[in-house]
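# Breakdown of the fold
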Amino acid sequence: MNPLLYKAHPLMYLTVDSLANPAAHSSHEIVKLILFYLGINLFWATWLWQGTRKVAEFALSYSLAYFLALPALLLYLPTMLTLLHDVIAHQFSFADRTILVIYVFFATQMLGVFYAVAIRHPKNGPPIGLQDGIAVSLWMWLFSLPVGVGLLWLNEQLKII
């Protein structure tokens, strides 16, 4: 069994399972999942735009921010929903979630390197560097916390996921 899917949130289960075994899901489920991520990414792109303004002291174009926010959304949101659901339900056990917590650490590092290279100053073109890239990655991780709580509440009310 995949350790990421142990008592996983339905969004995480559907995301990982559709990437690992796409034939097991209908095209309707996959399209619904893609549209969900693309819709949520509107908020993530705004947060990335704000983060680069604060950390690197310049603003990305919104279309570039939308494109660059997708990896953070895919790596952070399902994981945070799983972890936050456990915390809110008072069922969090570090022994059960060790792999997931380590995954968040490595995802943050990988996204930090990605942002360090992919985000460039608009005037002269050099990348923002590793320190600012990791700061932007952590900025995006912090955004996943309130969005995760909000989505858990919204799912409780409307059953969207």
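Just above, that's the structure.
Residues numbered from 1 in each chain as written. Predicted model: local features only at pLDDT ≥ 70, side-chain atom pairs only at ≥ 80, totals over all residues. Heavy atoms only, no water.

### Description of the overall build of the protein
So the rule is basically this: In this description a helix means any DSSP run of H or I spanning at least four residues, a strand means any run of E spanning at least two, and both kinds are numbered starting from the N terminus. What the globule rule says is 2.2 Å times the number of residues to the power 0.38, and the radius of gyration is computed from C-alpha atoms. Under the scheme applied here, a residue whose accessible area is under 20% of the maximum for its type counts as buried, over 50% as exposed, and between as partly exposed, the area being computed with a 1.4 Å probe on protein chains only. Whether two residues are in contact is decided by their heavy atoms, any of which lying within 4.5 Å being enough. Note on areas: Shrake-Rupley with a 1.4 Å probe; residue coverage comes only from the protein chains shown. By the counting scheme adopted, Arg and Lys are positive, Glu and Asp are negative, and His together with the chain ends is not counted. Where a charge lies is defined by one atom per residue type: Lys uses NZ, Arg uses CZ, Asp uses CG and Glu uses CD.
Across its full length, the protein carries 5 helices and 0 strands. Starting at the N terminus and ending at the C terminus, the protein contains elements arranged as α-α-α-α-α. Over its C-alpha atoms the protein spans a radius of gyration of 16 Å, differing by no more than 12% from the 15 Å that the globule rule assigns to 161 residues. Its C-alpha atoms give the protein principal-axis dimensions of about 45 × 35 × 30 Å. The 161 residues of the protein split such that 39% are buried. Intrachain contacts of the protein at a sequence separation of at least 6 include 65% that bridge at least 24 residues. Here the protein has roughly 9,000 Å² of accessible surface; of this, 70% comes from carbon and sulfur atoms. With 8 positive and 7 negative side-chain charges, the protein shows a separation of 9 Å between the mean positions of the two kinds.

### A word on helix 3 (residues 62-88)
Since the α-helix advances by 3.6 residues per turn, residues separated by three or four positions end up pointing in the same direction. Put simply, the rule reads: Under the convention used throughout, the expected extent of a helix is 1.5 Å for every residue step, that is, one less than its residue count. Two axes define the bend at a residue: one fitted to the seven residues ending there, one fitted to the seven starting there, and the bend is the angle between them.
The terminal C-alpha atoms of helix 3 lie 34 Å apart, and with 27 residues this falls more than 12% below the ideal 39 Å at 1.5 Å per residue. Approximately 35° is the largest bend angle found in helix 3, and it occurs at L73.

### Considerations on the environment of L138
Mapped onto the elements, L138 comes out in helix 5 (residues 130-158). C-alpha separation for the pair L138 and Q109, spaced 29 residues apart in sequence, amounts to 8.9 Å.

### What to know about the pattern of salt bridges
Spelled out, the test is: By convention in these notes, a salt bridge is any Lys or Arg side-chain nitrogen within 4 Å of a carboxyl oxygen on Asp or Glu.
The full count for this structure, using the stated rule, is 1 salt bridge. Of the charged contacts in the structure, one is a salt bridge between D86 and R97, with a shortest N-O distance of 2.5 Å. With D86 in helix 3 and R97 in helix 4 (residues 94-118), this residue pair connects regions lying 11 residues apart in the sequence. A single burial state applies to D86 and to R97, both of which are buried.

### A look at the nonpolar core
So the rule is basically this: Buried Ala, Val, Leu, Ile, Met, Phe, Trp, Tyr and Cys residues form a nonpolar core when they are joined through side-chain atoms within 4.5 Å.
Among the nonpolar cores identified, the biggest contains 41 residues, and W44, L48, L77, Y115, I119 and M140 are the most heavily contacted of them. Taken together, the elements giving at least two residues each to this core come down to helix 1 (10-20), helix 2 (27-55), helix 3, helix 4 and helix 5. Tallying contributions element by element places helix 3 first for this core, with 12 residues. Apart from the residues within four sequence positions on either side, Y115 is in contact with L48, L68, A69, A72, I128, G133, V136, S137 and M140.

### Considerations on the packing of aromatic side chains
The cut-off we apply is this: Ring geometry is summarised as follows: Phe, Tyr and Trp rings, the Trp one being its six-membered ring, pair when their centres sit within 6.5 Å, and such pairs are stacked at plane angles under 30 degrees, edge-to-face over 60 and tilted between the two.
Here the structure, examined in full by the defined rule, presents 6 aromatic pairs. With 5.3 Å between their ring centres and 80° between their planes, W44 and F143 make a pair best called edge-to-face. Of this pair, W44 sits in helix 2 while F143 sits in helix 5; the two residues are 99 residues apart in sequence, bridging distant segments of the chain. Judged by its relative accessible area of 0%, W44 is buried. Here F143 falls in the buried class, since its relative accessible area comes to 13%.

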